[in-house]
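# A look at the structure
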Amino acid sequence: MKKLFVTLAALMATVSLSAQDLSALFNEGASAYQNKDFAGAAAKFEEIIAQDSEGTEEVTAKAKQYLPICYQNMGQKAASQQKFDEAAAQLTKAAELAEQFGDAARVMKVNGVLAKVYQVHGGIAYNNKDYATAAEIFAKGYAANPRNTDMALNLAMSYCESGDYVKGIEVYENIAAMNPEKYGEAIAKAQEMMTLYTNNQVAKMQAANDFDGIIKMADEMLEKNPASALALSVRLQAYNGKKDYAKVIELGEAAAEAQTTPEDKSQMYYLLGAAYNAKEMKPQAIAAFKQVTAGPNAENAKIAIAELSK
């Protein structure tokens, strides 16, 4: 009996489909797609892509165009049934395929849908006051679409409510740094909530005379954002609470310059003036008090200047 010698190329040739065969397969996939059998359509398109060879480029390109859309539709259907994990898996697959095939517009569109799925899913956990789980879910949505400011605000609030203040403030500051012309409303909300949560956090620590804890918290914020006006303000007030006037003098000017409103600047200069006064540095104290032009300490600064000028 003669031996059979079959090369790998010959084996491949026996299973390769012609352009005509792939076109027929594509039509089967297109029919399944029209009938909303997206899983069946995806299977056909995947087979076409796997069979890609010379002369089949056109039909393969069409399969690559429609395959991510099939997974996107499967993900959206799962989301409508509140099968959130399945939806996230299908949409993630859709985005990965679109990126692999060079369809940047599809990647952006799918990620937008994925973010909304995480937003709804996280909202259920948040409404149940499971803030840690909500934060975990919202973080995935935020990663998918950082420009979804509703998602970002939800994430920041979940972090703060779950006790992770530093992470929450980091997200709020990211929102505050966005384009004010486009995201003005979200920026205002982020600044409002950032102030609220910071005041709450500081009040708890002040009640326990934990000024070092406040300073540590502010330093952690400044590691992530050295220009954080809020962190600089919080830190300066903590050193004032400790009566560490040397530190207030060291950090006062920078803290004041970082503030964005006359009231906040005036508050920093008032602390700086009081620190100079405690160190019996009258000229410097007067100069600092003169910078207090707004807010509740404006009148007190005038009185201090009058006393120091005698």
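Residues numbered from 1 in each chain as written. Predicted model: local features only at pLDDT ≥ 70, side-chain atom pairs only at ≥ 80, totals over all residues. Heavy atoms only, no water.

### Here's the deal with the packing of helix α4 (residues 57-80) against helix α6 (residues 104-127)
Cut-off, in case you're wondering: Angular values range over 0 to 180 degrees, each being the angle between N-to-C directions of two axes fitted as lines to C-alpha atoms, with helices fitted over their stretch in contact. Runs of E in the DSSP output that reach at least two residues are strands. Runs of H or I that reach at least four are helices, and both are numbered from the N terminus. Convention used here: angles under 35 degrees read as roughly parallel, angles over 145 as roughly antiparallel, angles from 65 to 115 as roughly perpendicular, and any remaining angle as oblique. The contact criterion used throughout is that any non-hydrogen atoms of two residues lie within 4.5 Å. Just so you know the grouping, Ala, Val, Leu, Ile, Met, Phe, Trp, Tyr, Cys and Pro go in nonpolar, Asp, Glu, Lys and Arg go in charged, and all remaining residues, Gly too, go in polar.
Between α4 and α6, the least distance of the axes is 11 Å, while the angle of their chain directions is 10 degrees. As far as their axial angle goes, α6 and α4 are roughly parallel. Between α4, through Pro-68, Ile-69, Gln-72, Gln-76 and Ala-79, and α6, the contact on the second element is made entirely by Arg-106, Lys-109, Val-110, Val-113 and Val-117. Tallied by class, residues from the contact of α4 with α6 come to six nonpolar, two polar and two charged.

### Side note on the side chain of Gln-72
Mapped onto the secondary structure, Gln-72 falls in helix α4. Every residue in contact with Gln-72, bar those within four places of it in the chain, is listed here: Leu-91, Ala-94, Arg-106, Lys-109, Val-110 and Val-113.

### What about the confidence of the model for the protein chain?
Quick reminder of the rule: Confidence per residue, as judged by the predictor, is encoded in pLDDT with a range of 0 to 100.
Overall, the predicted model of the protein chain reaches an average pLDDT of 90, with 93% of residues at or above 70. The secondary structure element of the protein chain with the lowest average pLDDT is helix α1 (residues 8-15), at 37, and the one with the highest is helix α13 (residues 245-258), at 97. Long-range and interchain partners of residues 1-15, a stretch whose pLDDT sits below 50, account for two contacts in this model, where long-range means more than four residues apart.

### Some thoughts on the pattern of salt bridges
Operational definition: Between Lys or Arg on one side and Asp or Glu on the other, a salt bridge is scored when a side-chain nitrogen of the former is within 4 Å of a carboxyl oxygen of the latter. The rule is simple: take the accessible area with a 1.4 Å probe, protein chains only, and divide by the maximum for that residue type; under 20% is buried, over 50% is exposed, in between is partly exposed.
Applying the stated rule across the entire model yields eight salt bridges. Between Glu-220 and Lys-216 there is a salt bridge, with the nearest N and O atoms lying 2.7 Å from each other. With a gap of four residues between them, Glu-220 and Lys-216 both fall in helix α11 (residues 211-224), about one helical turn apart. By relative accessible area, which is 29% here, Glu-220 ends up partly exposed. What makes Lys-216 exposed here is its relative accessible area of 52%. Across the salt bridge formed by Lys-310 and Glu-307, the nearest N and O atoms sit 3.3 Å from each other.

### Side note on the environment of Gln-76
Summarising the element assignment, Gln-76 is placed in helix α4. In this structure, the C-alpha to C-alpha distance between Gln-76 and Met-193, residues 117 residues apart in sequence, is 32 Å. If near-sequence neighbours (up to four positions away) are discounted, Gln-76 is found in contact with Leu-91 and Val-113.

### What about unusual backbone geometry?
Positive phi, close to 65 degrees, is recorded for Lys-243, a residue that is not glycine. Among the structural elements, Lys-243 can be located in the loop between α12 (229-241) and α13. By relative accessible area, which is 58% here, Lys-243 ends up exposed. One non-glycine residue with positive phi stands out, namely Glu-280, at about 55 degrees. Inspection of the secondary structure puts Glu-280 in the loop between α14 (262-278) and α15 (282-289).

### Overview of the packing of aromatic side chains
Operational definition: Pairing of aromatic side chains requires ring centres within 6.5 Å, counting the rings of Phe and Tyr and the six-membered ring of Trp. Pairs whose planes differ by under 30 degrees are stacked, by over 60 edge-to-face, and all others tilted. Any Lys NZ or Arg CZ that is within 6 Å of a ring centre and within 35 degrees of that ring's normal is treated as a charge sitting over the ring.
Applying the stated criterion to the full structure yields eight aromatic pairs. Ring geometry for Tyr-172 against Tyr-197: centres 6.4 Å apart, planes inclined by 25 degrees, an arrangement best described as stacked. Remark: Tyr-197 occurs in helix α10 (residues 180-207) and Tyr-172 occurs in helix α9 (residues 165-176); sequence separation between them is 25 residues. An identical accessibility class is assigned to Tyr-172 and Tyr-197; each is buried. With centroids separated by 5.5 Å and ring planes inclined at 55 degrees, the aromatic side chains of Tyr-270 and Phe-289 adopt a geometry described as tilted. Remark: Phe-289 occurs in helix α15 and Tyr-270 occurs in helix α14; sequence separation between them is 19 residues. Since its relative accessible area comes to 4%, Phe-289 is described here as buried. The structure contains a cluster of three or more aromatic residues connected by ring pairs, namely Phe-26, Tyr-33, Phe-38, Phe-45 and Tyr-66. The aromatic ring of Phe-26 is capped on one face by Lys-62, whose charged end is 6.0 Å from the ring centroid. Of note, Lys-93 hangs over the ring of Tyr-71, and the distance from its end group to the ring centre comes to 5.9 Å.

### A short note on α15
In an α-helix, one turn spans 3.6 residues, which is why side chains three or four residues apart end up on the same side. This is how it is decided: By arc we mean the arc of the directions from the helix axis to the C-beta atoms, nothing more.
Inspection of α15 places Ala-285, Ile-286, Ala-288 and Phe-289 among the buried residues, and these make up the whole buried set. When α15 is viewed along its axis, its buried side chains cluster within an angular range of 165 degrees and face the same direction. Check the buried side of α15 and you find it contacts α14 and α16 (298-308).

### A word on the nonpolar core
Selection rule: Buried residues of nine kinds, namely Ala, Val, Leu, Ile, Met, Phe, Trp, Tyr and Cys, make up a nonpolar core once their side-chain atoms join them within 4.5 Å.
Judged by nonpolar contacts, the single largest core of 95 residues is most densely connected at Tyr-172 and Ile-175. Sort the elements by how many residues they give to this core and α10 lands first, with nine residues. In this view, Ile-175 contacts Ala-152, Leu-153, Ala-186, Ile-187 and Ala-190; residues no more than four positions away in its chain are not counted.

### Brief notes about the packing of α6 against helix α7 (residues 131-144)
Contact geometry for α6 and α7: axes closest at 8 Å, N-to-C directions at 170 degrees. Here α7 runs roughly antiparallel to α6, going by the angle between their axes. On α7, the residues that touch Asn-111, Leu-114, Ala-115, Tyr-118, Gln-119, His-121, Gly-122, Gly-123, Ala-125 and Tyr-126 of α6 are Tyr-131, Thr-133, Ala-134, Ile-137, Phe-138, Lys-140, Gly-141 and Ala-144. Residues belonging to the contact of α6 with α7 are distributed by class as follows: ten nonpolar, seven polar and one charged.

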